[in-house]
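# Structure assessment
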Amino acid sequence: MANVSNIAKISVEKHDSKEQILYDLDKNKSLCDIVKDICKTCGLPISAVYGLKLIQTNVNDPTIDTYLSEKTYKNIKHNDCIKIVFSIDYLLKNRIIPHINDQPPSLERAICYEDLMKLAHDPVFIEELVDNENHSILIKTYVEEEHLEEKELLALLITICHLFLKGYYKDIPEELLEKTINIVRNGSNDLVSDHIQYALAILHKILMIKDPEFIAWKERIIKDIPITCLIPYIRLTDCKNKLQYGVLLLINTIIRLCKGDQKKQLIKEMNLNQNREDIYKYIIAPGGLDKSMEHELYVIQTYILSLYEEALKSEVSLNDSSVFNKDEFELPVDDVRRLTVLLDFDEVRQTSLSNSLENLLTFQKAERFSLASIVSDKSQDSMKSSTICTPKLRQSSFSFDYENFTINYLTLEALRHYKNNHKKNFCQSQIEERVYEPGIFVTSEKVVKLLAHLLDIGLDPPDSKSLFYQPIVFNTSPKNPFFFELFSRSMWLLSRTRREMKVSTIEDYPKLMRALKKQIKMVLDKRPLNFKNLTNYMTELNYGEVLKQWQKEKDTELSNLLKNHPCIRQIKDNYMKNNEPYLHQNRLNVLKTGDYFPKVLDKKTSGLMFVQLNRNERELQIYDVTDKKTNEMELKEIIKTADITHIAVGLNCKHANLCKSSALAFSIIINYSEHQVNFIAENENMAARWTDGFNILTGNSRRSDQYNKELEILTEMDLKLQLIELQHVSIPKNPPPVPDVPKPLLPPKPTSINSRNKTATRPAPDIPK
């Protein structure tokens, strides 16, 4: 007798019919014996002609039906459906191999390629094809046959692609590579996009082979498939992203395999304006991208942005006059006044303005600025005689000297772009950095490195799982590079965040940079399509939203910790057991307190009744209420709690139709008889507490959702307190003492004339900003 655990109750669809039968599949038998038994049950002759195929019954799973083999048939589960079909061996020997090269083309040849198209995706078919060494016949046909029809060529391409996918690439002739390359190079709109898609897939599989014998093949692909040959396929709009995905995948793989100048040249070619525009227009703009396409966009973005890597790693001294002129970024010598109102980000390039802040102020006369003279170190001596009072700049450890401080070339170019294209915002950033420190160069260096880290600049190879691509990288002109424009807006956002956080000391500077990094990450996660959207997202995202996001992440992290950590789960189970008695007593106290309910009479309600559990929890007392205001009532019935046998709730109650909601109805049944007391609760919370109380009295394990929720809350509170204790945070057992009432302030004593004079000559203290 077969083991019950090895029996799968399935349905079997008959051959060439939709009729199904029930069948107990014994996994202890061999697949051959199972096929014979099923054929016998269905009235079919027992022979090697038939095989079994698993039918995918899940509507959301588009997986193609697959054959069962000796390795896979034991994975059959209850309720699966299999179909009796012609076996792979029969199809290969009688319908595919004998007619694959029929000349002139015959009906049998058409049936042959039709079968091959259906079977090409099946891993069991690919395995048997190789085991019987029939794959070489298909490859030979693909290489030598020059007049294949479109469907025939597609069937062969799909089969060869899956051969490489399963690792069957031994003894493959080099002519296969040459023909596949020719398909890609000579493809046009006349050739179906599916052919190009699978040809690209075959080339990608060859590039991914680690066998040293294929190094020459890889070099041939890189040499003979230039980017100019692949980019036109991105413009095809009728292939639903499949062909574009194959193009990007192949380009990214080629770039990854190349080294040195060859790699840099390919990246520069992909960074051409037209190529980036094609990616944006034909891939990103239509939308509907899956995760695999998003990852390939991230990879090509990382390669494009890696062109900044050399500048990021190359440093320049601020004292090197051949490369850097510090006066280039200093404010004018004229009367420069600190802006107290944050300016909006200036999207317009102000190329006609001079470097003078006077011209900047006259550019938009409607704006007003409060003034406080802040000038460069070089011009301080010339301003000593100025009548304008200047606040004293604070000195700190963050102050740097031009002799030793260095920045990278990328920061230098980013600052130049910021100054030349967004002059008003640059001046504001420069002034604030002089006032609040640590200075425009230190902050710019930190912001550039922050952005480089977010965008994975210099990461080679790119992250294998990231989907962090930015559409603007592919939707911008060379005059306004994405990185420099993002830097400019980040510097403006830094000024706004500093005001929102009220940061005025250098000690809070790390907190400010942490908040800025989070803001930029949240903005880029929205994937703005253009610079205007980028600015709008930054404008809408204030520091308060960052705090909410941080709190949300902390709550999510804590929730995952409480739910999934094995040690905490064990503690949680202990707390739940300890907390249940408290909830039990709470529910019994509700019953002991008692409450008013409408009196249910047949199919209507009339008057009120008061129900209460006595103190010894043995009797349930039911009163008729004559006057609720005066609390006049008469004892009508006493029910022993031991006689309560069932508690019915919701639609199981006969009087559920009398309630606004069926969840308000519940009944207690006495001694399995028709005698029962019907209740209509005022609200669902009340119904849940009373039904819980009755279930506890009768020893029933059933509990309401409200009960489980309250138990979860209590347990979570205990767990959080336990975690706080583990973090060495002590909670005082007693509240702190109440402070004494403050004594009233005495009026100041009058001062003498001499003391007044002394006070008047005393210098004014510095005003903290």
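Residues numbered from 1 in each chain as written. Predicted model: local features only at pLDDT ≥ 70, side-chain atom pairs only at ≥ 80, totals over all residues. Heavy atoms only, no water.

This part is about the confidence of the model for the protein. On average, the protein scores 81 in pLDDT, and the residues at 70 or more come to 83%. Between the elements of the protein, mean pLDDT differs from a low of 30, seen in helix H16 (residues 357–363), to a high of 93, seen in helix H14 (residues 291–305). Low pLDDT, under 50, characterises residues 350–402; the stretch is placed with 91 contacts to residues that sit more than four places away or in other chains. In this model, residues 755–769 is a region of pLDDT below 50 whose contacts with residues beyond four sequence positions or in other chains number 7 contacts. (pLDDT = per-residue confidence, 0-100. Helix = DSSP H or I, 4+ residues; strand = E, 2+ residues; numbered from the N terminus. Contact = heavy atoms within 4.5 Å.)

At a minimum axis distance of 8 Å, the contact between helix H10 (residues 227–234) and helix H11 (residues 242–257) shows a crossing angle of 155 degrees. In terms of their interaxial angle, H10 and H11 are classed as roughly antiparallel. Both H10 and H11 take part in a crossing whose hand is left-handed. Within the contact between the two elements, H10 uses Leu230, Ile231, Tyr233 and Ile234 and H11 uses Leu243, Gln244, Val247, Leu248, Leu250 and Ile251. (Axes fitted to C-alpha atoms, helices over the stretch in contact; angles between N-to-C directions. Parallel < 35°, antiparallel > 145°, perpendicular 65-115°, else oblique. Left-handed = near helix turned anticlockwise from the far one by under 90°.)

Mapping Ile158 onto the fold places it in helix H6 (residues 150–165). Every residue in contact with Ile158, bar those within four places of it in the chain, is listed here: Met117, Ala120, His121 and Tyr198.

On to a nonpolar patch on the surface. On the surface, Ile713, Leu714 and Met717 cluster together to form a nonpolar patch covering roughly 260 Å² of accessible area. Mapping Ile713 onto the fold places it in helix H26 (residues 705–726). Taking the relative accessible area as the measure of exposure, Ile713 reaches 43% and is therefore partly exposed. (Patch = residues over 30% accessible without salt bridge, like charges linked within 9 Å, V, L, I, M, F, W, Y side chains within 5 Å. Areas by Shrake-Rupley, 256 points an atom, 1.4 Å probe, with all protein chains shown as cover. Salt bridge = Lys/Arg side-chain N within 4 Å of Asp/Glu carboxyl O. Buried < 20%, exposed > 50% of the residue type's maximum accessible area, 1.4 Å probe, protein only.)

This part covers the side chain of Asp115. Among the structural elements, Asp115 can be located in helix H3 (residues 107–119). Judged by its relative accessible area of 9%, Asp115 is buried. In this structure Asp115 touches Leu91, Arg95 and Ile96, once residues within four positions along its chain are discounted.

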